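# Structure assessment
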Amino acid sequence: QGGPARPRSHDDRRARGRMSRTFLVHLVYMALGYALAVLVATTITCVLFGLPTILPDDGRWGSFHGYLRDFPAMFMIGAMMTAAYGFPGWLVSVVVAERKQFRSRRYFAFAGVLDALLALLLAGRFQGLFPEIWLNLSCLAGGFFGGLAYWAVAGKDSGIWKGKA
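What comes next concerns the included structure. (Residues numbered from 1 in each chain as written. Predicted model: local features only at pLDDT ≥ 70, side-chain atom pairs only at ≥ 80, totals over all residues. Heavy atoms only, no water.)

A few words on the overall build of the protein. The secondary structure content of the protein amounts to four helices and zero strands. Ordered by position in the sequence, the α and β elements of the protein form the string α-α-α-α. For the protein, buried positions account for 30% of its 165 residues. Pairs at least 24 apart in sequence give 78% of the contacts found in the protein among residues at least 6 apart. Accessible area of the protein: about 10800 Å², with a carbon and sulfur share of 68%. (Helix = DSSP H or I, 4+ residues; strand = E, 2+ residues; numbered from the N terminus. Buried < 20%, exposed > 50% of the residue type's maximum accessible area, 1.4 Å probe, protein only. Contact = heavy atoms within 4.5 Å. Areas by Shrake-Rupley, 256 points an atom, 1.4 Å probe, with all protein chains shown as cover.)

Spelled out as C-alpha coordinates, the structure:
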(Lines give C-alpha, C1' and ligand atoms only; values in the text may rest on other atoms or scores of the structure.)
Protein backbone atom coordinates (compact mmCIF):
# COMPACT_ATOMS: atom_id res chain seq x y z
CA GLN A 1 0.00 0.00 0.00
CA GLY A 2 2.92 2.35 0.59
CA GLY A 3 4.80 1.28 -2.58
CA PRO A 4 5.01 2.92 -5.98
CA ALA A 5 1.89 3.23 -8.06
CA ARG A 6 1.53 0.47 -10.61
CA PRO A 7 -0.37 0.44 -13.87
CA ARG A 8 -3.83 -0.95 -13.33
CA SER A 9 -4.20 -2.85 -16.55
CA HIS A 10 -2.30 -4.18 -19.51
CA ASP A 11 -3.60 -1.22 -21.58
CA ASP A 12 -2.09 1.27 -19.12
CA ARG A 13 1.33 -0.40 -19.42
CA ARG A 14 1.11 -0.34 -23.20
CA ALA A 15 0.15 3.36 -23.21
CA ARG A 16 3.10 4.22 -20.95
CA GLY A 17 5.47 2.28 -23.21
CA ARG A 18 4.10 4.10 -26.26
CA MET A 19 4.56 7.46 -24.57
CA SER A 20 8.16 6.73 -23.57
CA ARG A 21 9.00 5.51 -27.09
CA THR A 22 7.39 8.64 -28.53
CA PHE A 23 9.46 10.77 -26.16
CA LEU A 24 12.70 8.98 -27.10
CA VAL A 25 11.97 9.43 -30.81
CA HIS A 26 11.25 13.11 -30.15
CA LEU A 27 14.59 13.44 -28.32
CA VAL A 28 16.34 12.11 -31.42
CA TYR A 29 14.51 14.65 -33.57
CA MET A 30 15.47 17.40 -31.13
CA ALA A 31 19.16 16.44 -31.38
CA LEU A 32 18.97 16.34 -35.18
CA GLY A 33 17.14 19.66 -35.17
CA TYR A 34 19.87 21.25 -33.06
CA ALA A 35 22.58 19.93 -35.39
CA LEU A 36 20.74 21.32 -38.42
CA ALA A 37 20.12 24.64 -36.66
CA VAL A 38 23.84 24.97 -35.92
CA LEU A 39 24.75 24.25 -39.55
CA VAL A 40 22.16 26.68 -40.92
CA ALA A 41 23.05 29.43 -38.44
CA THR A 42 26.77 29.04 -39.17
CA THR A 43 26.22 29.08 -42.93
CA ILE A 44 24.04 32.21 -42.80
CA THR A 45 26.47 33.96 -40.47
CA CYS A 46 29.53 33.16 -42.57
CA VAL A 47 27.86 34.15 -45.84
CA LEU A 48 26.49 37.43 -44.45
CA PHE A 49 29.79 38.26 -42.77
CA GLY A 50 31.57 37.80 -46.10
CA LEU A 51 29.18 39.90 -48.20
CA PRO A 52 31.14 43.16 -47.83
CA THR A 53 34.17 41.52 -49.47
CA ILE A 54 32.44 41.75 -52.86
CA LEU A 55 32.14 45.55 -52.65
CA PRO A 56 34.52 47.63 -54.76
CA ASP A 57 36.35 49.27 -51.86
CA ASP A 58 39.99 48.84 -52.82
CA GLY A 59 40.43 45.85 -50.54
CA ARG A 60 39.66 47.48 -47.19
CA TRP A 61 37.55 44.50 -46.20
CA GLY A 62 39.85 42.10 -48.02
CA SER A 63 39.60 40.19 -51.21
CA PHE A 64 36.57 38.11 -52.04
CA HIS A 65 38.83 35.32 -53.29
CA GLY A 66 40.83 35.43 -50.05
CA TYR A 67 37.57 35.15 -48.13
CA LEU A 68 36.56 32.12 -50.17
CA ARG A 69 39.94 30.54 -49.45
CA ASP A 70 39.42 31.05 -45.71
CA PHE A 71 35.73 30.09 -45.71
CA PRO A 72 36.11 26.36 -44.81
CA ALA A 73 38.24 27.10 -41.74
CA MET A 74 35.96 29.93 -40.67
CA PHE A 75 32.92 27.69 -41.13
CA MET A 76 34.38 24.86 -39.02
CA ILE A 77 35.43 27.18 -36.19
CA GLY A 78 32.11 29.01 -36.39
CA ALA A 79 30.15 25.74 -36.23
CA MET A 80 32.07 24.60 -33.15
CA MET A 81 31.55 27.95 -31.43
CA THR A 82 27.87 28.06 -32.41
CA ALA A 83 27.28 24.56 -31.07
CA ALA A 84 29.07 25.26 -27.79
CA TYR A 85 27.84 28.78 -27.04
CA GLY A 86 24.36 28.27 -28.47
CA PHE A 87 23.57 25.18 -26.41
CA PRO A 88 22.48 26.90 -23.14
CA GLY A 89 20.01 29.20 -24.91
CA TRP A 90 18.72 26.36 -27.05
CA LEU A 91 18.18 24.21 -23.99
CA VAL A 92 16.12 26.91 -22.26
CA SER A 93 14.11 27.57 -25.45
CA VAL A 94 13.36 23.89 -25.95
CA VAL A 95 12.35 23.28 -22.33
CA VAL A 96 9.93 26.22 -22.49
CA ALA A 97 8.56 25.06 -25.86
CA GLU A 98 8.10 21.48 -24.65
CA ARG A 99 6.42 22.44 -21.39
CA LYS A 100 4.13 25.06 -22.95
CA GLN A 101 3.71 23.13 -26.21
CA PHE A 102 4.79 26.11 -28.34
CA ARG A 103 4.84 25.04 -31.98
CA SER A 104 4.88 28.27 -33.97
CA ARG A 105 7.60 29.28 -36.39
CA ARG A 106 7.60 32.74 -34.85
CA TYR A 107 8.51 31.39 -31.41
CA PHE A 108 11.44 29.33 -32.71
CA ALA A 109 12.72 32.06 -35.05
CA PHE A 110 12.83 34.65 -32.29
CA ALA A 111 14.12 32.11 -29.78
CA GLY A 112 16.97 31.58 -32.26
CA VAL A 113 17.70 35.32 -32.22
CA LEU A 114 17.70 35.35 -28.42
CA ASP A 115 19.90 32.25 -28.39
CA ALA A 116 22.36 34.00 -30.72
CA LEU A 117 22.35 37.07 -28.48
CA LEU A 118 23.07 34.92 -25.43
CA ALA A 119 25.79 33.06 -27.33
CA LEU A 120 27.41 36.36 -28.28
CA LEU A 121 27.32 37.47 -24.66
CA LEU A 122 28.79 34.17 -23.53
CA ALA A 123 31.55 34.42 -26.11
CA GLY A 124 32.36 37.95 -24.97
CA ARG A 125 31.58 39.44 -28.37
CA PHE A 126 29.96 42.60 -27.05
CA GLN A 127 33.14 43.85 -25.42
CA GLY A 128 34.05 45.56 -28.69
CA LEU A 129 30.61 46.01 -30.23
CA PHE A 130 31.23 48.70 -32.81
CA PRO A 131 34.28 47.22 -34.59
CA GLU A 132 32.39 43.93 -34.93
CA ILE A 133 28.86 45.17 -35.57
CA TRP A 134 28.60 43.35 -38.90
CA LEU A 135 29.58 40.04 -37.27
CA ASN A 136 27.06 40.56 -34.47
CA LEU A 137 24.25 41.33 -36.93
CA SER A 138 25.24 38.32 -39.04
CA CYS A 139 25.05 36.09 -35.94
CA LEU A 140 21.56 37.37 -35.07
CA ALA A 141 20.37 36.63 -38.62
CA GLY A 142 21.98 33.20 -38.38
CA GLY A 143 20.13 32.57 -35.11
CA PHE A 144 16.84 33.55 -36.75
CA PHE A 145 17.26 31.07 -39.59
CA GLY A 146 18.74 28.44 -37.28
CA GLY A 147 15.59 28.69 -35.17
CA LEU A 148 13.46 28.17 -38.26
CA ALA A 149 15.56 25.13 -39.20
CA TYR A 150 15.04 23.67 -35.73
CA TRP A 151 11.30 24.29 -36.00
CA ALA A 152 11.20 22.42 -39.34
CA VAL A 153 12.75 19.30 -37.80
CA ALA A 154 11.51 19.18 -34.21
CA GLY A 155 9.81 22.39 -33.12
CA LYS A 156 6.55 21.84 -34.94
CA ASP A 157 5.99 18.78 -32.73
CA SER A 158 6.92 20.38 -29.39
CA GLY A 159 5.15 18.74 -26.48
CA ILE A 160 3.43 16.21 -28.70
CA TRP A 161 4.79 13.33 -26.62
CA LYS A 162 2.58 14.55 -23.75
CA GLY A 163 -0.58 13.80 -25.70
CA LYS A 164 -3.37 16.12 -26.76
CA ALA A 165 -3.45 19.52 -25.10
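One pass over the full model with this rule turns up ten aromatic pairs. Taken together, a centroid distance of 5.4 Å and an interplanar angle of 40° make the contact between Phe87 and Trp90 tilted. Of the two residues, Phe87 and Trp90 both sit in helix α2 (residues 64-100), three residues apart, roughly one turn of that helix. Taken together, the ring pairs in this structure connect Tyr34, Phe87, Trp90, Phe102, Tyr107, Phe108 and Tyr150 into an aromatic cluster. Above the ring of Trp151, the side-chain terminus of Arg105 is found at 5.3 Å from the ring centroid. (Phe/Tyr/Trp six-rings, centres within 6.5 Å; stacked < 30°, edge-to-face > 60°. Lys NZ or Arg CZ within 6 Å of the ring centre and 35° of its normal.)

So, about the environment of Ile77. Of note, Ile77 is situated in helix α2. The exposure class assigned to Ile77 is partly exposed, which follows from its relative accessible area of 47%.

On the secondary structure map, Trp151 appears in helix α4 (residues 133-153). The spacing of Trp151 and Tyr34 is 117 residues in sequence and 9.6 Å in space, taken between C-alpha atoms. Aside from chain neighbours lying at most four places away, what touches Trp151 is Arg103, Ser104, Arg105, Phe108 and Lys156.

Using the criterion set out here, one finds one salt bridge in the structure. Ionic pairing is found between Arg69 and Asp70, a salt bridge with its closest N-O pair at 3.7 Å. Assessed through its relative accessible area of 42%, Asp70 is described here as partly exposed. (Salt bridge = Lys/Arg side-chain N within 4 Å of Asp/Glu carboxyl O.)

What follows covers the packing of α2 against helix α3 (residues 105-122). Packing of α2 against α3 brings their axes to within 7 Å, and their N-to-C directions diverge by 145°. At the point where α2 passes α3, the crossing takes the right-handed sense. Between α2 and α3, the contacting residues are Tyr85, Gly86, Pro88, Gly89, Trp90, Ser93, Val96 and Ala97 on the first element and Tyr107, Phe108, Ala111, Asp115, Leu118, Ala119 and Leu122 on the second. In terms of residue class, the contact of α2 with α3 is made up of eleven nonpolar, three polar and one charged. (Axes fitted to C-alpha atoms, helices over the stretch in contact; angles between N-to-C directions. Left-handed = near helix turned anticlockwise from the far one by under 90°. Nonpolar A, V, L, I, M, F, W, Y, C, P; charged D, E, K, R; others polar.)

Let us now look at unusual backbone geometry. Keep in mind that most residues, glycine aside, have a negative phi and that most peptide bonds are trans. Residues other than glycine seldom take positive phi values, yet Gln101 does so here, at roughly 55°. Its place among the elements puts Gln101 in the loop between α2 and α3.

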